[in-house]
Amino acid sequence: MQFLLHHNVIIQAITSSDHDILKRCRQTHSAGWVLSNALATIHSHLSMTMDSTAAYTVMRKALEGIPVASLTGTDMIGTPPSSRLDYLDSLALRTVDLFKLDGIITLKPEAFSESRANAFPPYELDRILRKGDESINKVPLLNIPATYPQMWNDVEHEMFKVVRSGHFILGPKVEELEEQIAAYTQAPYAVGVSSGTDALLLALMAAGIGPGDEVITSTYTFFASAGSIVRTGAKPVFVDIDPFTFNMDVGRIEAAITPRTKAIMPVHLYGQCVEMPPLLELTKKHNLLVIEDAAQAIGSEYLERRAGGMGDFGCFSFFPTKNLGGFGDAGMVTTRSKEFYEKMKVLRVHGMEPKYYHKMVGGNFRIDALQAAIILAKLIHLESWIDDRRNNAQRYLRLFQKHSLTEKFALPMEIFPRHVFNQYVVRVLNGTRDKLREHLQSHNAGCEVYYPIPLHLQECFKDLGYKKGDFPEAEKAAEETLALPVANEVTPRQQEYVVERIREFIS
Ligand SMILES: *Cc1c(COP(=O)(O)O)cnc(C)c1O
């Protein structure tokens, strides 16, 4: 839950040297905000007993790790004080509203008694949190604003820096992101692009793949993996999946190779790497390129090598639902080849080099500086978010065991560490997946089917000539898979809620 810390609470915590409430409000699941307008009030209060610099230093130290909520000028001008509250408290109330906070922690809750906001004194925080846990009746699959307290000020600061600079496309922020993603994925080069889909398209174009060529990929993935292949004029050749990992079955690749095969596109589905060593062996033997679709797998590892850093190209998406998401569309291609790197930078801007001279036809695959700045500010948290997701996955295992549900479900397995759990996908084994999904949805327990129709059965790929029965494992998975909430912001109690609803359905 998230709260606004009234300045009277902060002043008391500092002057009484009892920082307990501030400590409590630095935690992810009980986050407290301070209103930016209240900082001057806190400072002047502290200045009554010490000099201005000392007051500032003391305040700054006490508020470390506490996010500051700022209202926009329009929000402030548009907030007249209510008859019972002074202007600052009226702004506080407005902040609770705008930031959708769960209440205001104040020494004088009675001042807010006529407002709709839930106001309570610091000693009641435990009770409020317990009550919140007990009254859970909704668990979204993803709740991005729940992660804001951890990163809000960095993100806001970087966003406004970009806006004030007036430089919105490519530029230094994008270069910084490219360097950091290259380092993170252990690839020498990276090119920021407009989306994960465009990352795939750009990699394929740079690889020179086009009409007459074939690219082998999984039939069980998000549409973009195969859609991008078709958009180059090449033909996707599908292989079935391994039933345990849902990733392409590497043992079936060689049979799909023809003289036209130019590349293999392994998709690290749900956040777990495809079994790369035998795949890389094969591509070496047949002289094929490897384009990793790592859109769901940033930070995923196989034998200590990272997703996107193993093939010739690694394609990433920063779509908001991915483990590292922007506030909009963005993507990245990593590569181990300087030549591909330079070609991609030219293709990204319509094949233009120098300005207004075009040797190739590229596209507009540019990334916004705003997205780059946001993603950079979030990147600092990625490792801890991955840890949270992995812990949540472990907790599901314990909860399924506790409720004796492991016979009815196949839980995700981490066959190749490390799985980063972009999705936590269970198999519903008794043919009731769709009914269970309805049951969970009717209790506001977020869940989703990734994916209900394998790509070889999609209408737009009819001409490829596949039919039902061609890839039985993928077709079976499409009928059995169900993703449960696993993102870093999901609380233990929310996971219990989801599993309790599942148990209720099964019994
Ligand atoms: C999300 C995703 C993409 C596409 O990324 P966008 O940024 O949405 O274009 C491609 N492949 C897979 C496997 C994905 O999950």
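All figures in this text were calculated on a predicted structure; none of them were measured in a lab.

Chemist: Mind showing me how you'd approach the site of the ligand here?
Modeler: Neighbouring residues of the ligand: 15 residues in total, closest Gly196, Thr197, Gln296, Ser317 and Lys322. In this structure, Gln296 approaches the ligand through a side-chain N or O atom, which is 2.8 Å from an oxygen atom. Taking 380 Å² as the accessible area of the ligand by itself, protein coverage stands at 93%. Here the ligand occupies the second largest pocket.

Chemist: Please clarify how the environment of Gly32 should be interpreted in this entry.
Modeler: Tracing the backbone through its elements, the reader meets Gly32 in strand β3 (residues 30-35). For Gly32, a relative accessible area of 0% puts it in the buried group. When the C-alpha positions of Gly32 and Leu376 are compared, they lie 24 Å apart, and in sequence the two are 344 residues distant. Setting aside its immediate chain neighbours within four residues, Gly32 contacts Phe3, Leu5, Cys25, Ile66 and Pro67.

Chemist: Honestly, the environment of Arg127 in this entry has me stumped. Any pointers?
Modeler: One can find Arg127 in helix α7 (residues 125-134). Separated by 98 residues in the primary sequence, Arg127 and Ser225 have C-alpha atoms spaced 48 Å apart.

Chemist: Mind showing me how you'd approach the packing of helix α3 (residues 39-47) against helix α4 (residues 52-62) here?
Modeler: The packing of two helices is summarised by the inter-axis angle and the distance between the axes. Interaxial distance between α3 and α4 falls to 9 Å at its minimum, and their mutual angle equals 125 degrees. Our classification of the angle between α3 and α4 gives oblique. Our pair here, α3 against α4, has a crossing hand that is right-handed. Of α4, the residues touching α3 (which contributes Leu39, Ile42, His43, Leu46 and Ser47) are Ser52, Ala55, Tyr56, Val58 and Met59. For the contact of α3 with α4, a count of residues per class yields 7 nonpolar, 3 polar and no charged.

Conventions used here
Residues numbered from 1 in each chain as written. Predicted model: local features only at pLDDT ≥ 70, side-chain atom pairs only at ≥ 80, totals over all residues. Heavy atoms only, no water. Near = heavy atom within 4 Å. Polar contact = N/O pair within 3.5 Å; in protein donor to acceptor, adjacent residues only side chain to side chain. Areas by Shrake-Rupley, 256 points an atom, 1.4 Å probe, with all protein chains shown as cover. 1 Å grid on protein atoms, 1.4 Å probe; cavity = no way out; pocket = protein on both sides within 12 Å on 5 of 7 lines; lining within 4 Å. Sits in = over half its atoms within 2 Å of the grid points. Helix = DSSP H or I, 4+ residues; strand = E, 2+ residues; numbered from the N terminus. Buried < 20%, exposed > 50% of the residue type's maximum accessible area, 1.4 Å probe, protein only. Contact = heavy atoms within 4.5 Å. Axes fitted to C-alpha atoms, helices over the stretch in contact; angles between N-to-C directions. Parallel < 35°, antiparallel > 145°, perpendicular 65-115°, else oblique. Left-handed = near helix turned anticlockwise from the far one by under 90°. Nonpolar A, V, L, I, M, F, W, Y, C, P; charged D, E, K, R; others polar.

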